[in-house]
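Close look at the chain arrangement
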Amino acid sequence: MNRHERAQALAKTALAVMAERQVAPSPENYQLFYAYAAGENPAVSKIMGDMIAGRKPFTPEVLDDLRQRFFPAVREERATASLGASVQKAMNTAIDTLQAAGRDTSAYGRALSEASGELGAEHSPEDLRKLVETLRGATQAMESRTQELEAKLQDSSTEIGELKSKLDDIRKESLTDPLTGIANRKAFDTELLQAMESARAHGEPLSLVMCDIDKFKQFNDTWGHQTGDQVLRLVGHCLSENVKGRDTAARYGGEEFAVILRQTARDAAMTLANQIRSTVESKKLVKKSTGDILGTITISGGVAELAPSDTPTSFIQRADECLYAAKAAGRNCIICETQKSAAA
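The text that follows walks through the structure, step by step, so that each part is easy to find. (Residues numbered from 1 in each chain as written. Predicted model: local features only at pLDDT ≥ 70, side-chain atom pairs only at ≥ 80, totals over all residues. Heavy atoms only, no water.)

Brief notes about the overall build of the chain
Of regular secondary structure, the chain possesses 12 helices and 7 strands. Counting all 344 residues of the chain, 38% fall into the buried class. Once local pairs closer than 6 in sequence are excluded, the contacts in the chain between residues at least 24 apart make up 65%. (Helix = DSSP H or I, 4+ residues; strand = E, 2+ residues; numbered from the N terminus. Buried < 20%, exposed > 50% of the residue type's maximum accessible area, 1.4 Å probe, protein only. Contact = heavy atoms within 4.5 Å.)

Rendered as structure tokens:
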């Protein structure tokens, strides 16, 4: 089966399941069920598969929750597009206001010019009185219009400022992992590139820690995805506790995390990585629904220091190799390249 045929088959499966489960055939719902049919996101497939097997209803609230958990980017793009349209509308209003102000100023200027021309001729006192009244009326009208335009511009400025703040919030949200609250992969990629450029420009050390949760799949399969999410949040919190200021903690993907340590050499990075490992190990995981203590969680990690020839890909790969060595060494430990070489 070629790629096109497979895509058609998955689409038919997704639509069939939606029809069977009485789910409205909207693009948003189709995206979820296509992901389920394709099996490319194991978490989505497991959750939806369990619901389908248990004949549980896909209510609008459940569907919205699934979209927010697994496809936040779509929601963010729509929110950005909506706010972008609102900003454009507010700017158009401000432009129209400025153009109206320009027309009013031109009209007032013409009134003054006409009055100036009339002042050059001989006039009776009555004519002068009428001229002064005309100028006074034009000036009052201009003052009133100016105040009105200033108010409109102030309203537009306030609206644009509020919309800009919302756009900033959405941008921040787009760089945050919704489950753990730390940086997501997109933010990590950007931050790593900037950190590497800065380290080379200033001749400073830069270290990278790659770590993941030991036996996470086994734990997730045993206790369910909700408890698995609790584990991910716990690890994310431990990283946030120990990583501050210029450094960046991120969820790299699945159960794997990363820490970018600016101005930090390998030995100091090892110390911090072990501190994070110890913090995670010290936590007791409690099942919220029952209060049962499920035991402790451990992580394994690898540390690499930036080399002159590194690209972002090679830098990550070197830290990952150390992570794999930590797994092979028995888990719940941190290994750097010198230790990996010695073990080899």
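Describing the nonpolar core
The biggest cluster of nonpolar side chains holds 31 residues, and the ones touching the most others in it are Ile213 and Val235. If you list the elements that add at least two residues to this core, you get strand S1 (206-213), helix H8 (216-223), helix H9 (225-242), strand S3 (256-262), helix H10 (266-282), strand S6 (299-305) and strand S7 (334-336). Excluding residues that lie within four positions of it along the chain, Val235 makes contacts with Ile213, Phe257, Val280, Ile297 and Ile299. Core analysis: the second largest hydrophobic core is formed by 20 residues, Met196, Met210, Ala258 and Ala304 among them. (Core = buried A, V, L, I, M, F, W, Y, C linked by side-chain atoms within 4.5 Å.)

Comments concerning the packing of aromatic side chains
Evaluation of the coordinates by the stated rule reveals 3 aromatic pairs. For the ring pair Tyr30 and Tyr34, a centre distance of 5.8 Å and an interplane angle of 45° mean the geometry is tilted. In this pair, Tyr30 and Tyr34 both sit in helix H2 (residues 27-38), 4 residues apart, roughly one turn of the helix. Ring geometry for Phe188 versus Tyr252: centroids 5.4 Å apart, planes at 90°, classification edge-to-face. On the criterion of sequence distance, the pair formed by Phe188 in helix H7 (residues 185-202) and Tyr252 in strand S2 (residues 248-253) is long-range, its members being 64 residues apart. Note on accessibility: Phe188 and Tyr252 belong to one class, buried. (Phe/Tyr/Trp six-rings, centres within 6.5 Å; stacked < 30°, edge-to-face > 60°.)

Focus on the packing of H2 against helix H3 (residues 42-53)
For the pair H2 and H3, the least separation of the axes is 8 Å and the interaxial angle reads 100°. When the axis of H2 is compared with that of H3, the two are roughly perpendicular. Judged by residue contacts, Leu32, Phe33, Ala35 and Tyr36 of H2 engage Val44, Ser45, Met48, Gly49 and Ile52 from H3. Tallied by class, the residues present in the contact of H2 with H3 amount to 7 nonpolar, 2 polar and no charged. (Axes fitted to C-alpha atoms, helices over the stretch in contact; angles between N-to-C directions. Parallel < 35°, antiparallel > 145°, perpendicular 65-115°, else oblique. Nonpolar A, V, L, I, M, F, W, Y, C, P; charged D, E, K, R; others polar.)

Examining the side chain of Asp320
Counting through the fold element by element, Asp320 comes out in helix H11 (residues 312-328). There is no salt bridge for the buried Asp320, and the closest opposite charge comes from Arg185, which lies 8.4 Å off by N-O distance. (Lys, Arg positive; Asp, Glu negative; His and termini not counted. Salt bridge = Lys/Arg side-chain N within 4 Å of Asp/Glu carboxyl O.)

A few points about the pattern of salt bridges
For the coordinates displayed, the defined rule picks out 12 salt bridges. A salt bridge links Glu20 to Arg55, with the shortest nitrogen-to-oxygen separation between them at 3.3 Å. Placement of Glu20 in helix H1 (residues 3-20) and of Arg55 in the loop between H3 and helix H4 (60-70) is noted, with a sequence separation of 35 residues between them. With relative accessibility at 48%, the residue Glu20 sits in the partly exposed group. The residue Asp189 makes a salt bridge to Arg185 at a minimum N-O spacing of 3.1 Å. Of this pair, Asp189 and Arg185 both sit in helix H7, 4 residues apart, which is roughly one turn of the helix. Each of Asp212, Asp214 and Lys327 takes part in salt bridges that share partners, so that together they form one network.

Some thoughts on the pairing of S6
Counting buried residues along S6, 6 of its 7 residues qualify, which places the element largely inside the surrounding structure. Note that S1 and S6 share 7 bridges and pair antiparallel. Residue pairing for S6: Val209 is matched across the bridge by Val303. Note that S6 and S7 share 3 bridges and pair parallel. Bridged to Val303 within S7 is Cys336. Viewed along the sheet, the connection from S6 through H11 into S7 turns out left-handed. (Pairing = 2+ DSSP bridges. Right-handed = clockwise from strand over helix to strand, strands pointing away.)

Examining the sheet that holds S7
One open sheet holds the 5 strands; their spatial order is S2-S3-S1-S6-S7, and the pairing between them is mixed. Two strands close off the open sheet at either side, each with one partner strand: S2 and S7. Between one strand and the next, the sheet's axes are offset by a mean angle of 20°, whatever the strand orientation. Note: S1 against S3, 7 bridges, orientation antiparallel. Paired with Met210 across the bridge in S3 is Ala258. Lying on the sheet, H9 is in contact with S1, S2, S3 and S6; it crosses S3 at an angle near 10°. On top of the sheet, H10 reaches S1, S3, S6 and S7; it is set at about 165° to S6, its chief contact.

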